[in-house]
Amino acid sequence: MTPQPGTPPRPSPIRRALAILAGVFALAIILLIALWNWDWFVPMLNRRASASLHRPVTVAHLHVRLGWTTTITLDDLHIAQPKGFTAEKEEFASAKSLTIAIKPWPSLVGHGLTLPLVALDSPRGDIVALKDGRNNYTFTADGKPAPDDGSPTTLPDIGELRITDGDIRIALARLRSDFRLAVHTTPPAEGKPGTIVADAKGRYAAQPITGHFVGGALLTLANVQNPYPVDLSIANGPTSVTLRGTVDDPLHFAGAQLNLKLAGPDMSLLYPLIGIPIPQTPRYSIAGKLDYTEAKIRFTGFDGHLGGSDIGGDIIVDPHQKVPFVDAALHSHLVDLADLAGFVGGEPGHTKTENTADTNILPDQRINVPKLNAVNAHIAYHGDHIENKRIPLDNIDVDATVQDGAIDVRKLNFAVGTGTLASTATLNPAANNDFSTRFKLNVSRVPVARLMKGAGSLEGQGTIGGHVTLSSTGHSVANLVANGTGGITLVLDQGGHLSAILPDLLGLQLGNALLSALGLPDRTPLRCFIADMPLKDGILSTNAFLLQTGDTRTTGDGTINFRTNTLNYAITTRAIHFTIASFPGAVHITGPLRGPTILPGAEIAGRLAATGALAAVFPPAAIIPTIQFGVGKGSACEQAVEQANANPAAGIAPGATTGPHPSAAAKAGRTRASHATERKSAAEIRAAWAKKQQQQQQRDHH
């Protein structure tokens, strides 16, 4: 049919169909926009998040705002504890909301993930690590850390981290720690970047802990050009730590400019905080520069005090070795040796209360082997001047290493006037946390006047020299000596007044009591002293003991038992020039080392005679010719030195360790040690004694 003029043409069926489809699509778009709900994706999100984190995850609502910067918000987020931690009272993590702003384009073109904003409202956390090593923050199927493939960790570029009212619990069983962190952020203001603030409260290393941290915004954390600011203060029990300054590119540890201050009653309490074992010390306060360069942590230019001593130097830590390595160069201008007692197992400082029940006279504090295994170290220390009331040492030099739990003291030297006390020691780990130990002390030309400076009446220019050796296995100084083998060989040439030396060496009460028992007058000059005493299984016995004054010779014999801390010693004094009035005076010293009993003269003679043991108060017969009567060639002192050089208890001849040059006694000792010497037999000695008695009786008769 031909359309009438003026009638509009009908649309073709195709056009009509397309128009209908377009209308339906437009209506569908309108309906989709009007009815769209992102919560449709919540079940899928929960499933995938739970599978990825290996623990139940739930989100109540999902909101997405699309655009060049897309914003995603998760409401009422809950992350449950993983398997094995379901008994925890709190969830692993939760938040009222989590908002993440994403810029898709940089990620699409390969520039990494860019997050302009990460915002957490009221986040909660419960971080737990058990004693068996399991923890709830390892996101693997078996709960064990995933193997490190060596690839670097790439973090997203986060513009702003916004936290409101955060509360995180951290419980680490091995560190005996359970504390909470209250976390929030402050927004940028007046051209300054925002900050992140955290306050800690609870217990760390079984001690109360409080802490306050203010750091830069997360944007500056990843900014290589702008150092990240740090302001941290911690009080862990009685220990306080402050750290202020900046860190360069902290994500890659490029460097730092920090001021560190440490203070507390005992440096050993720092171990849980710094991971470096330090022996017990008195109260301290030190401050210095902390930085991180060349992959090492450096605490440099620090100074402060340790008890009554000043302390300073540099400490460098290499944390990247299998066992962290510490290199410490330390110094003091004035050092009180009592402050360093903890380094040899004693009680540091002067505050120790005397325990009358404790019979040990040597430090008995255990050397801690497990902590030594936590670090390898090289320590060099020099003290310019030593403050010590009992023994006025002048300075101290130490050079020691710790390697795999073994200690090698290459040098522990003290200057004493023009002489030295030089010692070396090695301590290797043994069974039951003991140490296999070798120790040697060399005493070289130590002036007696300087050594005994504390006794104001001392005179004389004599010197003392010799050696002390010890080989043992044990866990403390007292235990090592109680189990040890070695010896003491000492020679004193031309000492001062005996009445000053003995009270200073033995203590005022015991020294004066011994002088009185020996019958020696005040200000008796000491000419020579020889002590050659072997140590076997903790018992010190006597090869030779001679103390010679201007008029008398005192000899000794007996034992000192460091296993029981007791002694049983006999001392006999005789006149050098025979007189009837000079009948031998015997003194017997017995009992605990801390307070022995002195039985003098006739009392001990009577007691021993009743038991048939009178000979115990006299020297061994082998040394009577050389010491008791001084018969034969040379003085008694020369022959005693000869005997000590020929077979020293310490294993090292005293030889040239006294005087500005080898003493006459030492020279004679070395000469006589290599040649046969004239000796008197016991019969000849008795004949000489009888002859002297007869001559004295004749003089008295006339």
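Before going into details, it helps to say that this report is about the structure given with it. Here the residue numbers are simple positions, counted from 1 along each chain's written sequence. Only residues with pLDDT of at least 70 are given local features in this predicted model, and only at 80 or more are side-chain atom pairs given and counted; all residues enter the totals for whole chains, interfaces and linings. Note that water and hydrogens are dropped before the side-chain values are worked out from all heavy atoms of the structure.

## Some points on the pairing of strand S14 (residues 284-293)
Step number 1: Note: two strands are recorded as paired if DSSP finds a minimum of 2 bridges between them. Only DSSP runs of H or I with at least four residues qualify as helices, and only runs of E with at least two residues qualify as strands; both kinds are numbered from the N terminus onward. Across seven bridges, strand S13 (residues 255-264) lies against S14 in antiparallel orientation. Of the residues in S14, the one forming a bridge with leucine 258 is leucine 290.
Step number 2: With nine bridges joining them, S14 and strand S15 (residues 296-306) adopt antiparallel strand pairing. The residue of S15 that forms the bridge with tyrosine 292 is isoleucine 297.
Step number 3: With antiparallel pairing between neighbouring strands as the criterion, S14 and S15 make up a hairpin whose turn holds two residues, including glutamate 294 at a positive phi of roughly 50°.

## Some remarks on the nonpolar core
Step number 1: Residue types Ala, Val, Leu, Ile, Met, Phe, Trp, Tyr and Cys, when buried and joined through side-chain atoms within 4.5 Å, form a set referred to as a nonpolar core. Only protein chains enter the area calculation, which uses a 1.4 Å probe; residues under 20% of their type maximum are buried, those over 50% are exposed, and those in between are partly exposed. Judged by nonpolar contacts, the single largest core of 71 residues is most densely connected at Ile396 and Leu421.
Step number 2: Broken down by element, the residue count for this core peaks at five residues, all from strand S25 (residues 526-536).
Step number 3: Sequence-distant contacts of leucine 421, defined by excluding residues within four places in its chain, comprise Leu393, Leu412, Asn413, Phe414, Val416, Leu441, Asn442, Val443 and Val446.
Step number 4: Counting residues in hydrophobic clusters, the runner-up holds 12 residues, among them Val59, Leu77, Phe92 and Ala93. Two residues qualify as a contact provided that any one of their heavy atoms is within 4.5 Å of a heavy atom in the partner residue.

## Considerations on the pattern of salt bridges
Step number 1: One speaks of a salt bridge when a side-chain nitrogen belonging to Lys or Arg is within 4 Å of a carboxyl oxygen belonging to Asp or Glu. For the coordinates displayed, the defined rule picks out 10 salt bridges.
Step number 2: Between arginine 169 and aspartate 126 there is a salt bridge; the shortest N-O distance is 2.8 Å. Of this pair, arginine 169 sits in strand S7 (residues 166-172) while aspartate 126 is found in strand S5 (residues 124-129), placing the two residues 43 residues apart along the sequence. Each member of the pair arginine 169 and aspartate 126 is classed as buried.
Step number 3: Between aspartate 231 and arginine 244 there is a salt bridge; the shortest N-O distance is 3.1 Å. Here aspartate 231 is found in strand S11 (residues 228-236), whereas its partner arginine 244 is found in strand S12 (residues 239-248), with 13 residues between them in sequence.
Step number 4: When its relative accessible area of 32% is taken as the criterion, aspartate 231 is described as partly exposed.
Step number 5: Residue arginine 244 is classed as partly exposed on the basis of its relative accessible area, which comes to 43%.

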